[in-house]
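# Observations on the model geometry
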Amino acid sequence: MAFIVISEWQSNSQRTPPVLIKHRVEATLIDLDSLLARQKQTDSAAIKKVADKKAADKKAADKKAAEKKAAEKKAAEKKAAEKKAAEKKAAEKKAADKKAAEKKAADKKAAKKKAADKKAADKKAAKKKAADKKAADKKVAKKKAADKKAADKKVAKKKAADKKAADKKAADKKAADKKVAKKKAADKRAADKRAADKRAADKRVADKRVADKRVAQQLAEDQQALDSLLVDEEAQTQALEKQATDGQAVASAVQYIRNEIIQKWVRPANARTGMVVELVIQLLPTGEILSIGVSYRDASATDAFVASVVKAVNKVGRFDKLSQLDSALFDANFRKVTLVFKPEDLRL
């Protein structure tokens, strides 16, 4: 860079008349060489200064450029960092948004699942409740049916019991009627038997009367014979009295034996009119039965009938009143007694 200093000066020879100079100019006389040297020095300094300035400016520019570049780089780096941070932030936001979205989706899905689970649980609970209700209704219906069945069974049982009671009552009445009828029949049979016994007794009385009459006739005949044979009237009378007494005693004893056996005899169910059994009974003077033997039975006499007669004699066991008889009269008439039984009259 060059600096030119121009000084306005005029030599005296060439100086024109003074003119009015409106402006005052001061000038200084300078040595040209020195000036040039100085100028050169100045120029060199200026150049150097310029160069230095230029270098400084360049350095400053370079520095500025470097600083600018550094600043730009820093700004770029900052921008890049900010961009990166923004991108990172955006990425993070995006990730956060994605995470939030995923969380939201997951929450939504969880909520949806929860709602679905709740719905399923509610449905399951409703289904269970319905099933429980159905089971309870079924149980109630079953219990109701069971109660009805039990009640019906109870009613049926009561009806059956009532019917059974009625049947039993009817059967009891029938049995009672039958028993009454049987009793009536038994009473009738007993009455018939009593009538038959009375007829038999009457017949026996009649027979006895006839026998007594015969005995009396015989006694009369004997009396006549005795009268003709015995001279002593007192002896004849005593003999007749004794014979009559003995005859009455024998007849009374026979009747006693008959009555005792009849009282003990139980007529068997298969006893029929016409059956006959003959027993031979050996007695002791005390009236005690020593032995019983069957001497005869007809073809119609059953074992039960024969056994019933023997049993009746065994039940008597002892004819006490026979011990009161005279020993000679007992030995003559009752040491061995033959008894004939017939169902129609049981006569000996």
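In this text the structure is predicted, and so the values were computed from the model without any measurement. Within each chain, residue numbers correspond to sequence positions counted from 1 in written order. Since the coordinates come from a predicted model, pLDDT governs what is reported: local features require at least 70, and pairs of side-chain atoms require 80 or more to be given and counted, while whole-chain, interface and lining totals use all residues. For the side-chain quantities, the full set of heavy atoms in the structure was used; hydrogens and water were omitted.

The next thing to look at is the side chain of S308. Considering the arrangement of structural elements, one finds S308 in helix α3 (residues 303-316). Looking at S308, its side chain comes within polar contact range of the side chain of W265, at 2.8 Å. Contact partners of S308, with chain neighbours within four places excluded, come to W265, V266 and P268. Under the scheme used here, helices are H or I runs from DSSP no shorter than 4 residues and strands are E runs no shorter than 2 residues, and both carry numbers assigned from the N terminus. Two N or O atoms count as a polar contact when they lie within 3.5 Å, although within protein this holds only if one can serve as hydrogen donor and the other as acceptor, and sequence-adjacent residues are included solely when both atoms are side-chain atoms. Contact between two residues is taken to exist if any of their heavy atoms lie within 4.5 Å; hydrogens are not considered.

Hydrogen bonding along the main chain pairs the strands of a sheet, whether they run parallel or antiparallel. Two strands pair under a simple rule: DSSP has to find at least two bridges between them. Pairing is antiparallel in the open sheet, where 3 strands are placed in the order β2-β1-β3. On the outer flanks of this sheet lie β2 (289-297) and β3 (336-341), each paired with one strand and no other. Here the strands of the sheet are splayed against their neighbours by 20 degrees on average, with no regard to which way each runs. Axes here mean lines fitted to C-alpha atoms, for a helix over just the part in contact, with angles spanning 0 to 180 degrees between N-to-C directions. Against the sheet, α3 touches β1 (277-283), β2 and β3, its axis set at about 155 degrees to β2.

A few words now on the environment of A56. Mapped onto the elements, A56 comes out in helix α1 (residues 32-229). Filtering out sequence-adjacent residues up to four positions away, A56 remains in contact with A51 and A61.

Right, let's get into the packing of aromatic side chains. Planes of paired rings set the category: under 30 degrees apart is stacked, over 60 is edge-to-face and the rest tilted, where pairs are Phe, Tyr or Trp rings (Trp by its six-membered ring) whose centres lie within 6.5 Å. Taken as a whole, this structure holds 3 aromatic pairs when the rule is applied. Taken together, a centroid distance of 6.1 Å and an interplanar angle of 80 degrees make the contact between Y256 and F319 edge-to-face. Of this pair, Y256 sits in helix α2 (residues 233-264) while F319 sits in the loop between α3 and α4 (327-333); the two residues are 63 residues apart in sequence, bridging distant segments of the chain. Accessibility classification places Y256 together with F319 in one group, the buried group. Ring centres of W265 and F305 lie 6.3 Å apart, and the angle between their planes is 90 degrees; this geometry places the pair in the edge-to-face category. Within this pair, whereas W265 is found in the loop between α2 and β1, its partner F305 is found in helix α3, the two being separated by 40 residues in sequence. One exposure class covers both W265 and F305, and it is buried. Buried means the residue's accessible area, taken with a 1.4 Å probe over protein chains only, is under 20% of the maximum for its type, while exposed means over 50%, and partly exposed covers the values in between.

Of all residues in the chain, 76% attain a pLDDT of 70 or more, and the chain-wide mean is 79. The pLDDT value tells you how sure the predictor is about a given residue, anywhere from 0 up to 100. Predicted confidence is poor over residues 2-13, with pLDDT under 50, and the contacts of this stretch with residues over four places away or in other chains come to 8 contacts.

Salt bridges are defined as contacts in which a side-chain nitrogen from Lys or Arg sits within 4 Å of a carboxyl oxygen from Asp or Glu. In total, this model carries 23 salt bridges according to the counting rule given. Residue D57 is joined to K53 by a salt bridge in which the shortest nitrogen-to-oxygen separation is 2.9 Å. Note that D57 and K53 are positioned in helix α1 at a spacing of 4 residues, about one turn of the helix. The partly exposed category is assigned to K53, whose relative accessible area is 48%.

Residues enter a nonpolar core if they are buried and are Ala, Val, Leu, Ile, Met, Phe, Trp, Tyr or Cys, with the set joined through side-chain atoms within 4.5 Å. One finds I261, F305, F319, L322 and F341 to be the most contacted residues of the largest nonpolar core, which totals 29 residues. Secondary structure elements with two or more residues in this core: α2, β1, α3, α4 and β3. Here this core gets 6 residues from one element, more than from any other, and that element is α3. Ignoring any residue separated from it by four or fewer positions in sequence, one finds F305 in contact with W265, P268, N270, A271, M275, V276, V277, F341 and P343.

In this section: the pairing of β1. Of all 7 residues in β1, 5 are buried; the element is thus mostly enclosed. One ladder, built from 7 bridges, connects β1 with β2; its direction is antiparallel. Note on β2: the bridge partner recorded for L279 is V294.

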